Number of protein chains: 2
Amino acid sequence: MAALRRLGTAVDGNFQGATGGMVPPPSPRILTPNGRPSAPNRREEGAVANGGGSSPGLAALRPTKKAPRGKVYLATAGGKPGKRAPFWQAALVVSIVLNIWLFLHPYVNDTAHPPHHHLQQEHQEACLTHPDAADRSAVDSGRRRARLEEPVPKAWAAGAPSTGKPAVTPDSVINLDHGDPTMFEEFWRGTGDAAEIVIPGWQTMSYFSDVGNVCWFMEPGFNHEVRRLHRLVGNAAVDGYHVLVGTGSTQLFMAALYALSPPADTNGGAPMSVVSTAPYYSSYPAVTDFLQSGLFRWAGDANSFKGDTYIELVCSPNNPDGTIREAVLSSDSGIAVHDLAYYWPQYTPITKRADHDIMLFTVSKSTGHAGTRIGWALVKDRDVAKKMTKFIELNTIGVSKDSQLRAAKVLKAVSDAYEMPEGKEEQHRLFDYGRRKMVERWSMLREAAATSGIFSLPEETSAYCNFANETASTNPAFAWLRCDREDVEDCASFLRGHKILTRSGSQFGADPRYVRVSMLDRDDAYDIFVKRLSSLK
Amino acid sequence: MAALRRLGTAVDGNFQGATGGMVPPPSPRILTPNGRPSAPNRREEGAVANGGGSSPGLAALRPTKKAPRGKVYLATAGGKPGKRAPFWQAALVVSIVLNIWLFLHPYVNDTAHPPHHHLQQEHQEACLTHPDAADRSAVDSGRRRARLEEPVPKAWAAGAPSTGKPAVTPDSVINLDHGDPTMFEEFWRGTGDAAEIVIPGWQTMSYFSDVGNVCWFMEPGFNHEVRRLHRLVGNAAVDGYHVLVGTGSTQLFMAALYALSPPADTNGGAPMSVVSTAPYYSSYPAVTDFLQSGLFRWAGDANSFKGDTYIELVCSPNNPDGTIREAVLSSDSGIAVHDLAYYWPQYTPITKRADHDIMLFTVSKSTGHAGTRIGWALVKDRDVAKKMTKFIELNTIGVSKDSQLRAAKVLKAVSDAYEMPEGKEEQHRLFDYGRRKMVERWSMLREAAATSGIFSLPEETSAYCNFANETASTNPAFAWLRCDREDVEDCASFLRGHKILTRSGSQFGADPRYVRVSMLDRDDAYDIFVKRLSSLK
């Protein structure tokens, strides 16, 4: 129960958490790090190399042929075995032995680059077959148990990387409370090493990245790839804008509140009002108010706000309901902050190049790399940019350069696939892949809701997408699901009783008949959700 | 000037900044990314492979022999050229060609792993030979100019990583205002790939790392290496403690304030008082107050605090003056937070295993990886640990997993060198290296102060170090330098006039006759500083 509640309260700043506790917690499992085999399996590596796409680098280090089998016959000039072989027959034998050694020794020694593509299945199996008690130290010992029977590959010996939420089974609690974007893992596995990054031990140790830039802790390469991607997609203007980097767009949201609020001794001492139109993202009130800042304070629904001085948060496409939005307030002493986390082609048609004063984006929702903790802001005004930078300096003395460089590599891979498409298939183009997945998932969801008969969903809308050059529908990252059964006033509780975790509409300033459901989880979890939903009456 | 002032205000939350502006800014330079050659040089790669230590993995992928040269002769059975060669002579030719291909193609295709050891010299040269105007876009175009005459290796094409502050010359402004720990770069270059990390494109995309842990966004491998390192060094107890990770210890400091302050509607509505004994770290007041939180507020010097309810910050060894400290206040409703950022063998003898309720550490000062933005807290109380975790969830939805995994690898390399020392020389043992450097630097500084005659420094102290098993002196990461000339009341201004940037004692709640000087910068900057200091009269 504690684990359930913790999942319900984690992420997106939902500190109010899920209410009640009607569902038993899932059997605790060791979070087996990532299911990678602890020693490379040569046959699998051969298969991986073949499936790894056409990218050079690591894939090219693994020749695609299998080791030759069969015997080596020493034939003499006369064709009869047994006679003493001339020198160059012996040389042939030696040469073939050398061929075999050169071919195979990377597999013996290549502990730094374990195979990729089989990991998902192995991870699933590992999670299913390593149940454990609630012993927290089991995570450490479990890793050792799972791994140390064989030598631990170098890249993992620092502790194998985690793999997110535990795997699901048909009877699991399905947790779609958070927008954990693990749907994109499949895409990135398919790109081979296009988005892989190597970080030497001595690299980017300094606090400073670019002392000549307003955002002095921002890696120039990240700046470059952000601008490049926006020019490619056409979803936001970048010329004349400062790019700022943050530890997720959440940090940049706080930075914007700080930058746009007057000093505490002005405005009659009253904190700046922060508003947004309901249903608004549940984190907005939570993040605005958790420190009880004297500079800014949540003031609720923008539709009912009376006053001239405010910060209006405009999220478009909106979280939770996916609608396309504009600011509703207008005043010389008010300012809008535009959260465009979902303004990407996989979720919505790109209808115009946004050019607001402050625009927030995040890799979490564009590429799916939530664990990297990188967001960025496009800011017109230099003084606002400087104050936002100052916030991040005081909060965390800048932003991880490792994350920035990884994000830059990921963004580069996205842009490369569109700008240099030779040899790349559709599944290496992020927005094509993402759109296809979202269309599929919304179709499955609408079908399940229709089968069930007790749920309704927002109408699908469409518009011409300037990026895809065709009319495209909206396929939001969250489903704003309403339970229409008259006797169900609290949809989140109702669904929790069926082992589906969602986030109640009440957390978004809306009716608790609504819930927000993540559309971005892994296929296995989503499939179980849809199936279970369709059975509800 | 703006660049100077920005450097003066950046980092360590010193938003008050350097005053005045008597020193012209340094010639702006392109921050040439890192001087790596843009295409692998085979001869250098051969040298690198030989010099890269005994670690397997990447080094093993580069055979150490040069490609065979010379011709292939097709000899016939009778020794006369020209006759039609039997099948197996042709087979020998084919086999030899295959050998050559297998041998060489990693060099042609291995764009993901450029050589390591020549980079330092090339970086230095690149920085010194690429001066640039103040054109901010020069960073981008400079990278292109420097790199794109040759194909850009894959790992760098995302934008070469930054290299910190610009290089210095004998006439440069020397900026020792911040504790930028680039002194440690030399050490880490010398460890080859022991601390190198490879991050595949699909890895750690989820928000979640370990749903069974209080700190659900913490990588288990990081947790493991933190505990291991503390057990090795003996500087802090870990059994019975929760480990929490943060985006630097700065974030964990804020998290502790949040966790230890009662809700705003208690305590008569008064925010919790936050105190520390002067001279205290300049960031403490800045970070405590910048959001004007209703939960906590800076209340100055602990020595003059009257009251029973407080949070006392105890930094030991202290920043700025290096003294060993304990809490000065004692009350049932007060609590101490211990900032042990400098409690490592390179700075001070390890005299006991610290076991306070809350202890903060950071990789920035232990290993030198400030750009990675990783700190950790050891916390006894579970509820405090949960509230600190909640702070980080609301602030940044967790901590970069890329940074955590890199930090884990770095910490692992530190521990490995002590626990598995076979084949490793002293220069691969971090604390031995660090201690040697700090002893040298303090010796140089004391000599320079003596030569100058107008400065004084804290007395050296020593004690038995349980880690080194010998008596060791204190060699703090900052020099708390006092100007003794009667006509100099503001030492920071005086030194600025001599193109040395330091941080005024007034920012630490102390007399402006004192300044804090970083002892952790690169050799070139430090050497110029010491030389210049010794000349001042």
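Residues numbered from 1 in each chain as written. Chains lettered and ligands numbered in written order. Predicted model: local features only at pLDDT ≥ 70, side-chain atom pairs only at ≥ 80, totals over all residues. Heavy atoms only, no water.

- The name recorded for chain A in an unreviewed UniProt entry is Tryptophan aminotransferase-related protein 2, from Dichanthelium oligosanthes.
- Per its UniProt entry, chain A bears the Cofactor (unreviewed entry) comment "pyridoxal 5'-phosphate".
- Per UniProt, the comment on chain A under Sequence similarities (unreviewed entry) is "Belongs to the alliinase family." (UniProt positions renumbered as here; feature names shortened; annotations may be inferred.)

1. Examining the overall build of chain A
1) Next: Scanning chain A from N- to C-terminus turns up 16 helices and 16 strands.
2) Next: Split into buried and exposed, the 537 residues of chain A put 63% on the buried side.
3) Next: For chain A, long-range pairs separated by at least 24 residues make up 75% of all intrachain contacts whose partners lie at least 6 apart in sequence.
4) Next: For chain A, the computed accessible surface area is about 19400 Å², with 53% contributed by carbon and sulfur atoms. (Helix = DSSP H or I, 4+ residues; strand = E, 2+ residues; numbered from the N terminus. Buried < 20%, exposed > 50% of the residue type's maximum accessible area, 1.4 Å probe, protein only. Contact = heavy atoms within 4.5 Å. Areas by Shrake-Rupley, 256 points an atom, 1.4 Å probe, with all protein chains shown as cover.)

2. Thoughts on the packing of helix α8 (residues 220-233) of chain B against helix α13 (residues 401-419) of chain B
Residues and elements named next belong to chain B.
1) Next: Across the interface, α8 lies against α13 with an axial gap of 9 Å and an inter-helix angle of 30°. Classified by the interaxial angle, the pair formed by α8 and α13 is roughly parallel. Note that α8 runs across α13; the crossing there is left-handed. In this structure, α8 contributes G221, F222, E225, V226, R228, L229 and L232 to the contact, and α13 contributes Q404, A407, A408, L411, K412, V414, S415, D416, Y418 and E419.
2) Next: Per-class residue counts for the contact of α8 with α13 are 9 nonpolar, 3 polar and 5 charged. (Axes fitted to C-alpha atoms, helices over the stretch in contact; angles between N-to-C directions. Parallel < 35°, antiparallel > 145°, perpendicular 65-115°, else oblique. Left-handed = near helix turned anticlockwise from the far one by under 90°. Nonpolar A, V, L, I, M, F, W, Y, C, P; charged D, E, K, R; others polar.)

3. Regarding the sheet that holds strand β15 (residues 503-504) of chain B
Residue and element names in this part refer to chain B.
1) Next: Read across the open sheet, the 4 strands follow the order β10-β13-β16-β15; overall the sheet is antiparallel. Among the strands making up the open sheet, the edge pair consists of β10 (455-456) and β15.
2) Next: Relative to strand β16 (residues 514-518), β15 is paired through 2 bridges, and the arrangement is antiparallel. Looking at β16, one finds that R503 is bridged to R516. (Pairing = 2+ DSSP bridges.)

4. Quick word on the pattern of salt bridges
1) Next: Considering all chains together, one arrives at 36 salt bridges over all chains under this definition.
2) Next: When the shortest N-O distance is used, the salt bridge between A:D416 and A:R228 registers 2.7 Å. Pair noted here: A:D416 is in helix α13 (residues 401-419) and A:R228 is in helix α8 (residues 220-233), with a separation of 188 residues, a long-range link. Just as A:D416 is buried, A:R228 falls in that class too.
3) Next: Where B:D523 meets B:R441, a salt bridge forms, and the shortest distance between an N and an O atom there is 2.8 Å. Residue B:D523 is located in helix α16 (residues 523-534), and its partner B:R441 is located in helix α14 (residues 430-452); the two are separated by 82 residues in the primary sequence.
4) Next: Connected through shared salt-bridge partners, A:E225, A:R228, A:K412, A:D416 and A:E419 make up one network. (Salt bridge = Lys/Arg side-chain N within 4 Å of Asp/Glu carboxyl O.)

5. What about the domain arrangement of chain A?
By a widely used convention, the size of an interface equals the accessible area lost when the partners come together.
Residue and element names in this part refer to chain A.
1) Next: For chain A, the assigned domains are domain 1 (174-189 + 429-535) and domain 2 (204-419).
2) Next: A separation of 25 Å is found between the C-alpha centroids of domain 1 and domain 2.
3) Next: With 32 residues of domain 1 at the contact, the number on the domain 2 side is 34 residues.
4) Next: Of the roughly 2800 Å² buried where domain 1 meets domain 2, counting both sides, 67% is carbon and sulfur surface.
5) Next: Connecting domain 1 to domain 2 are 0 salt bridges. (Domains from an automatic or database assignment. Buried area = accessible area lost by both parts, 1.4 Å probe.)

6. What to know about empty space enclosed by the protein
1) Next: Empty space within the largest cavity amounts to approximately 240 Å³.
2) Next: What lines the largest cavity is a set of 23 residues, and nearest its centre among them are A:S249, A:T250, A:Y281, A:D339 and A:T362.
3) Next: Counting residues per element, the ones that place at least two in the lining of the largest cavity are α9 (248-260), α10 (283-289), β8 (358-362) and α11 (363-366) of chain A.
4) Next: Of all the elements, α9(A) adds the most residues to the lining of the largest cavity, at 4 residues.
5) Next: Roughly 210 Å³ of internal volume is contained in the second largest cavity.
6) Next: Breaking the lining of the second largest cavity down by element, the ones donating at least two residues are α9 (248-260), α10 (283-289), β8 (358-362) and α11 (363-366) of chain B.
7) Next: With 4 residues, the top contributor of residues to the lining of the second largest cavity is α9(B). (1 Å grid on protein atoms, 1.4 Å probe; cavity = no way out; pocket = protein on both sides within 12 Å on 5 of 7 lines; lining within 4 Å. Points joined across faces, edges and corners; volume = space filled by probe spheres on them.)

7. Considerations on unusual backbone geometry
Residue and element names in this part refer to chain A.
1) Next: Looking along the chain, the bond that leaves S316 and enters P317 is cis, with omega of -5°.
2) Next: Backbone geometry places I397, a non-glycine residue, at a positive phi of 45°.
3) Next: With respect to the secondary-structure elements, I397 resides in the loop between α12 (382-396) and α13.
4) Next: According to the relative accessible area criterion, I397 is buried, its value standing at 4%.

8. Things to note about the confidence of the model for chain A
Residues and elements named next belong to chain A.
1) Next: Per-residue pLDDT for chain A averages 81, and the proportion of residues at 70 or more is 73%.
2) Next: Under a pLDDT of 50 for its full length, residues 107-158 has, in the predicted model, 130 contacts with residues more than four places off or in other chains.
3) Next: Scoring the predicted complex yields pTM 0.77 and, for the interface, ipTM 0.77. (pLDDT = per-residue confidence, 0-100.)

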